[in-house]
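Notes for the structure review
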Amino acid sequence: MTQGHHTDERYDTETTPGDDREPLFPRLARRSFIKAGMAAGAAGSLAGCTGLLDGETGTAAAEVDADVDPGEHDEYYAFLSGGHSGDVRVYGVPSMRQIMRIPVFQRESARGYGHDDETRRMLEEAGGYTWGDTHHPRVSQTDNDYDGRWLFINDKANGRMARIDLKYFETDAIVDIPNQQGTHGACARLPDTDLIFGVGEFRVPMPNDGRDVDDPAEYGSVLTAIEPESMEVAWQVQVDGNLDNGDGGKNGRWFFATDYNSEGGVTESEMAAPDTDYVKAFDTLAIEEAVEAGEYEELSGVPVVDGRRDSPLNEGDEPIVHYVDVPKSPHGISVTPDGEYAIASGKLEPVCTIIEIDRLDEVEDPNDAIVGQPTVGGGPLHTVYDGRGHAYTSLFVDSQVVKWDIETAIDSEFGSEDAIVETIDVHYNPGHLIAAESYTAEPQGDWLISLNKLSQDRFLPVGPVFPENDQLIYIGDDDEGMRLVKDTPAYPEPHDATIVQAEKIDPASVYDPDDLAVEHIGGEDDREIVREEGRVHVKTYSQRNNFGYTDVTVEEGDEVTFTITNIESTDDIIHSLAIPQYDINVKLAPQESREVTFTADEPGVYWMYCGYFCSALHLEMRSRLLVEPAE
Ligand code: RUQ
Ligand code: CUA
């Protein structure tokens, strides 16, 4: 079903509103052609759709029940990356209420992240950067289904990968990946998440130590495999061209990544020049054999296997990397729930390319593994699944989500539009989209979120920085068609998301002291102040409404450590220890212990206080830090 909005010139995104520059995708001046074709393709489903359009606005009739009443819980968690905010956001679906944010690559005071010694050290050891750019949140799986243990997320900016512990919804490890810039795709080897992959987008000298600075032909791009328990880099594979997005096959062997810069260009026109780039199919088992056999070069302490086209490891009929030609600057790639196909979205060409995974072993020319190439519409970026044989592709240029049938696409001629079932307009310019459990073997097929880059006119104006728009779409009824249910403004800028059934996540509501490395202070009897030359160690607790000690006296220049436990065990009674002037605010959830160290270099009186509103006497929950001037 198509809706009414696109008659309005302002939202023809080939030219940005109010801007008469060249179109974003000059090679795609085919929009009207494509849309005419789509209307024909969608006609069948439109027939069943009459009466669903709500007059002018084109919003769906309100038959889809997406209400979650006050006090009720959502059916799903959605984890959305926060982009260059550096965090991960947690929504409930279908309410689209934002429930929590998890800081990952940035210091954040409400959760005390980067304020206590442990998380501050973790951020420092991971490069000491103050921000990151999160794109692809992937929840760990066992047997191709979410196990609720971890969430992995990349940092495109600084080439890192982080792990979030879903027992506490907290970042617990970050690895700073060597030999890689622009770690973009983040995904796992499935079925059991025994490796995490970081996909290197920006080509750089190998290693990037000042050599080959202006010799782009010598730059390289690597795929990085990370061991999820230790978060250490297991191996890397260097490839020709670059790597963009990725996805794991379902059977423990394959990993797929797109490449939009096969030519190794450094300017936009160089990168967009050729008509095809690659999908690279990595045979991870063959790569591991090469590592075992010592067939690698060690760079920056990491085994790097040569997966370039002319590598000896790519000779013969069992290459470690298969290079499949795909039009044109492909972007997203995702493996179908049954594990049979890897589908790449063309970005600069209005097609998706379907690769039959098993054929990679059978064919001499990897291009013969391509079994379908449907035309889907302008600017296809990412594709997800409903588990009923349909694919849903975001169309950046057309501002639509297109639903198409995978088997029909395989049975039709290359370039045919026969597979298109219907389209729905989104507002506006979708990047990723995600369907419930689309990355598992069993998608739920009911909800889809379109993560739209531009919100334009959809919300009250808030100045020149606009929110993005995450739209909830119901896809559970093939007869009635896709229906737009909700707009949700989002702070810049979510990229990808993962939707997980609520029952598969089992977070703790109170800390288990055994999970924390810091000493647990049980109460009054455990508290003490230990003084050594130039050092003061305060071991204390917090509870409604005090910090154990009413005053702590130290001397100017002392190194002061607080080890502090929230000794409450009641859910939701959180305290914090704010130490003004020393730039510290450590949150303490029930039974949580944290340690924080600083040098008391400013004499004076500092009221330490609790930042969480914990009781009627919360304002009184404060103690004095007395820093006496040095002699
Ligand atoms: S990206 S809008 Cu970082 Cu996944 Cu495609
Ligand atoms: Cu404790 Cu407010």
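As a starting point, this report considers the structure included with it.

What counts as what
Residues numbered from 1 in each chain as written. Chains lettered and ligands numbered in written order. Predicted model: local features only at pLDDT ≥ 70, side-chain atom pairs only at ≥ 80, totals over all residues. Heavy atoms only, no water. Near = heavy atom within 4 Å. Nonpolar A, V, L, I, M, F, W, Y, C, P; charged D, E, K, R; others polar. Buried < 20%, exposed > 50% of the residue type's maximum accessible area, 1.4 Å probe, protein only. Helix = DSSP H or I, 4+ residues; strand = E, 2+ residues; numbered from the N terminus. Arc of directions from axis to C-beta. Contact = heavy atoms within 4.5 Å. Lys, Arg positive; Asp, Glu negative; His and termini not counted. Salt bridge = Lys/Arg side-chain N within 4 Å of Asp/Glu carboxyl O. Polar contact = N/O pair within 3.5 Å; in protein donor to acceptor, adjacent residues only side chain to side chain. Pairing = 2+ DSSP bridges. Axes fitted to C-alpha atoms, helices over the stretch in contact; angles between N-to-C directions. Phe/Tyr/Trp six-rings, centres within 6.5 Å; stacked < 30°, edge-to-face > 60°. Lys NZ or Arg CZ within 6 Å of the ring centre and 35° of its normal.

Here we take up the site of ligand 1. Taken together, His-135, His-136, His-184, Asn-245, His-331, His-382, Gly-431, His-432 and His-495 make up the full set of residues near ligand 1. For the shell around ligand 1, the class distribution of residues is no nonpolar, 9 polar and no charged.

A separate point is helix 4 (residues 284-292). Structural remark: α-helix, 3.6 residues per turn; residues separated by three or four positions point the same way. Within helix 4, the full set of buried residues consists of Thr-284, Ala-286, Ile-287, Ala-290 and Val-291. For helix 4, the buried positions fall inside an angular range of 160° around the axis, keeping them on one side. For helix 4, the exposed residues set more than 90 degrees away from the buried face come down to Glu-289 and Glu-292. Next to the buried residues of helix 4 lie strand 9 (196-202), strand 11 (232-239), strand 13 (254-259), strand 14 (276-283) and strand 16 (302-306).

In this structure, Asp-558 sits in the loop between strand 33 (551-555) and strand 34 (559-566). For the buried Asp-558, no salt bridge is present, and the opposite-charge side chain at shortest range is Arg-531, 5.2 Å distant. At 2.8 Å, the side chain of Asp-558 forms a polar contact with the backbone nitrogen of Glu-555.

Here we take up the sheet that holds strand 3 (residues 98-103). Pairing is antiparallel in the open sheet, where 4 strands are placed in the order 3-2-1-30. The open sheet has two free edges, formed respectively by strand 3 and strand 30 (497-501), since each of these has just one partner strand. Strand-to-strand, the axes of this sheet are offset by a mean angle of 20°, without reference to chain direction. In this structure, strand 2 (residues 87-93) lies alongside strand 3, joined through 5 bridges in antiparallel fashion. Looking across to strand 3, one finds that Arg-89 is bridged to Arg-101.

Think of a pair of aromatic rings as described by two things: how far the centres are apart, and how the planes are tilted against each other in angle. Going through the model one piece at a time under the given rule, you end up with 14 aromatic pairs. Arranged with centres 6.2 Å apart and planes meeting at 55°, the rings of Phe-197 and Trp-235 form a pair that is tilted. Here Phe-197 is found in strand 9, whereas its partner Trp-235 is found in strand 11, with 38 residues between them in sequence. Taking relative accessible area as the criterion, Phe-197 reaches 0% and is therefore assigned buried. Look at Trp-235 and you get buried, because its relative accessible area is 3%. Judged by centre distance (5.6 Å) and plane angle (80°), the ring pair of Tyr-582 and Tyr-606 falls under edge-to-face. Of this pair, Tyr-582 sits in the loop between strand 35 (575-579) and strand 36 (584-588) while Tyr-606 sits in strand 38 (residues 604-609); the two residues are 24 residues apart in sequence, bridging distant segments of the chain. As far as burial versus exposure is concerned, Tyr-582 and Tyr-606 are alike and both buried. The cationic tip of Arg-309 hangs over the ring face of Tyr-323; the distance from NZ or CZ to the ring centre is 5.5 Å. The ring of Tyr-549 is capped by Arg-527, whose NZ or CZ atom sits 4.4 Å from the centre of that ring.

The next subject is the pattern of salt bridges. Overall, the coordinates contain 40 salt bridges when judged by the stated rule. With a closest N to O distance of 2.9 Å, Asp-145 and Lys-504 form a salt bridge. With Asp-145 in strand 5 (residues 145-155) and Lys-504 in the loop between strand 30 and strand 31 (528-532), this pair connects stretches of sequence that are 359 residues apart. On the basis of relative accessible area, Asp-145 is assigned to the partly exposed category, the value being 29%. Two residues, Asp-194 and Arg-189, come together in a salt bridge whose shortest N-O distance is 3.0 Å. Judged by relative accessible area, which is 37%, Asp-194 ranks as partly exposed. Taking the relative accessible area as the measure of exposure, Arg-189 reaches 5% and is therefore buried. One salt-bridge network, in which partners are shared between bridges, spans Asp-116, Glu-118, Glu-170, Lys-587, Glu-592 and Arg-594.

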